[in-house]
Amino acid sequence: MCSSPPTSIDKREGGAFKDELQDGKVQAFADTASSTLLKYVRAFPTIEALHPFYRELIDLGVDVDRLKVSLGRIQGIASTVSEIGRGKVKEIMKMRSQEEMMRAQREALGRMVSAVKRARDPLMVLSEAREFMRRLPEIDPKTPTVIIAGYPNVGKSSLTSALSTAKPEISTYPFTTKGVSVGVLEMGGRRVQVVDTPGMLDREPAERNEIERKASSALRNLPGVVLFLVDPTETCGYPIEMQLSLLQKLSEEFPQMRFFVVFTKSDMEEWTLPNVKEVKVDEERIAGWGVVSSTTREGIEELKRALSALLLDEP
Ligand SMILES: Nc1nc2c(ncn2[C@@H]2O[C@H](COP(=O)(O)OP(=O)(O)O)[C@@H](O)[C@H]2O)c(=O)[nH]1
Ligand SMILES: [Mg+2]
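Residues numbered from 1 in each chain as written. Chains lettered and ligands numbered in written order. Predicted model: local features only at pLDDT ≥ 70, side-chain atom pairs only at ≥ 80, totals over all residues. Heavy atoms only, no water.

Right, let's talk about the overall build of the protein for a bit. Scanning the protein from N- to C-terminus turns up 10 helices and 7 strands. Against the globule reference of 20 Å for 315 residues, the protein gives a C-alpha radius of gyration of 31 Å, more extended than a compact globule. Sorting the 315 residues of the protein into buried and exposed places 47% on the buried side. Summarising the internal contacts of the protein: among those between residues at least 6 apart in sequence, 76% fall at separations of at least 24. Counting only carbon and sulfur atoms, one obtains 50% of the accessible surface of the protein, whose full area is about 17000 Å². Of note, the protein has its 44 positive side-chain charges centred 10 Å away from the centre of its 46 negative side-chain charges. (Helix = DSSP H or I, 4+ residues; strand = E, 2+ residues; numbered from the N terminus. Rg over C-alpha atoms; globule rule 2.2 N^0.38 Å. Buried < 20%, exposed > 50% of the residue type's maximum accessible area, 1.4 Å probe, protein only. Contact = heavy atoms within 4.5 Å. Areas by Shrake-Rupley, 256 points an atom, 1.4 Å probe, with all protein chains shown as cover. Lys, Arg positive; Asp, Glu negative; His and termini not counted. Charge placed at Lys NZ, Arg CZ, Asp CG, Glu CD.)

Listed below in structure tokens is the structure:
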């Protein structure tokens, strides 16, 4: 059955309703909903534009394909909503009875609300991804970096503090329970960051879990040098042969990086310079050797100068 055409339209009333529609509910809802959705999409960093260091880390906590699909879906919903809005407002403006207009408006709002509801799941994906990214360590992949390596208790944290001007900030990777500390030092007016990564370069690659392996691999993308610490006093609990063997394994794992080797805890009585003749690492891979004590600061300034020359004076 067809509804009969409206016969008695109150011109004034209908006109007023049309005026209200001009800046009325349908348009307002369409605009707000679509621009809000697009804001979420635009606020999200483009994965491809990210530095490979972060791209690899993000891969550990975020399903990147699912994220891309979600971004696309939200964008699609935003344009659906504004199309519904535009179309309906045009339609409504042509209508002559208020009842008809009200019905059309309700229908438009209903359709837009259900479209927006479909954005819930993809928005959840975005929010989870953002939360993961927010908790990644604040390492600037463009700043020259000293990556600290060596067995537990060889003096990595102590040396990171001794080298840094700022108090090292401890940030926690979302995928490790241990913190990653990032210290900052000034060298000739330029920033250098010192990154200590427990659970990664303090054990053999084979002993890391899958996530630690991938996170370690992301470190390859940082520009700089690995500062490998050896504790000749063995008070760290690891025999010297084992420590030197870790140096060899890490140098194989990071073939494009150079290693600066420092012997720590030089203030201790039992300290002796280890025999390194057996270490099978190419000469050119070794950027330098040093002897330090973080307690007495012996060798610290020399080490800073050497690192500075290494990181900053090169093309
Ligand atoms: N005597 C002496 N002890 C040190 C020195 N550096 C670190 N230590 C001690 O060695 C232990 C482990 O140091 P830490 O920096 O935590 O090692 P990490 O596990 O490699 O970070 C701590 O008890 C430190 O006090 C040093 O230069 N001299
Ligand atoms: Mg430590």
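Turning our eyes to something else, we now look at the packing of aromatic side chains. Summed over the entire model, instances satisfying the criterion amount to 3 aromatic pairs. With a centroid separation of 5.0 Å and 70° between ring planes, the pair formed by Phe 53 and Tyr 54 is classed as edge-to-face. Residues Phe 53 and Tyr 54 agree in their burial class; the two are buried. For the cation-ring pair, Arg 220 lies above Phe 254, with the distance from its terminal atom to the ring centre recorded as 5.3 Å. (Phe/Tyr/Trp six-rings, centres within 6.5 Å; stacked < 30°, edge-to-face > 60°. Lys NZ or Arg CZ within 6 Å of the ring centre and 35° of its normal.)

This part is about the site of ligand 1. Asn 153, Lys 156, Ser 157, Ser 158 and Asp 267 are the nearest of the 14 residues found near ligand 1. One of the backbone N or O atoms of Lys 156 is found 2.8 Å from an oxygen atom in ligand 1. Measuring from a nitrogen atom of ligand 1, one finds a side-chain N or O atom of Thr 295 at 2.8 Å. Alone, ligand 1 offers 580 Å² of accessible surface; in the complex the protein occludes 68% of this. (Near = heavy atom within 4 Å. Polar contact = N/O pair within 3.5 Å; in protein donor to acceptor, adjacent residues only side chain to side chain.)

Residues of helix H3 (residues 52-61) that are buried include every one of Phe 53, Tyr 54, Leu 57, Ile 58 and Leu 60, and no others. In a view along the axis of H3, the buried residues occupy a sector of 145°, so they form one face of it. Buried residues in H3 make contact with helix H4 (64-94), helix H6 (120-134) and helix H8 (210-218). (Arc of directions from axis to C-beta.)

What follows deals with the environment of Pro 274. Within the element layout of this structure, Pro 274 appears in the loop between strand S6 (258-263) and strand S7 (286-291). Between the C-alpha atom of Pro 274 and that of Gly 76, which follows or precedes it by 198 residues, the distance is 64 Å. In contact with Pro 274, not counting residues within four places along its chain, are Pro 232, Ile 240 and Phe 263.

Moving on, we come to the sheet that holds strand S5 (residues 224-230). Pairing is mixed in the open sheet, where 7 strands are placed in the order S2-S3-S4-S1-S5-S6-S7. Where the open sheet ends on each side, the last strands, each with one partner, are strand S2 (169-172) and S7. Direction aside, the axes of adjacent strands within the sheet are offset by 25° on average. Where S2 lies against strand S3 (residues 179-187), 4 bridges are found, and the strand directions are antiparallel. By the bridge assignment, Glu 169 is partnered in S3 with Val 182. Packed on one face of the sheet, helix H9 (residues 240-253) meets strand S1 (145-149), S5 and S6 and runs near 165° to S5. (Pairing = 2+ DSSP bridges. Axes fitted to C-alpha atoms, helices over the stretch in contact; angles between N-to-C directions.)

Split into domains, the protein comes out as domain 1 (11-134) and domain 2 (145-312). Summarising the inter-unit geometry, the C-alpha centres of domain 1 and domain 2 are found 50 Å apart. Contacts between the two partners involve 7 residues from domain 1, matched on the other side by 11 residues from domain 2. Across the interface of domain 1 and domain 2, roughly 820 Å² is buried in total on both sides, 74% from carbon and sulfur atoms. Together, Phe 53, Glu 56 and Leu 60 form the three largest contributors to the area buried by domain 1 at its contact with domain 2, with a combined 63%. The interface formed by domain 1 and domain 2 contains 0 salt bridges. (Domains from an automatic or database assignment. Buried area = accessible area lost by both parts, 1.4 Å probe. Salt bridge = Lys/Arg side-chain N within 4 Å of Asp/Glu carboxyl O.)

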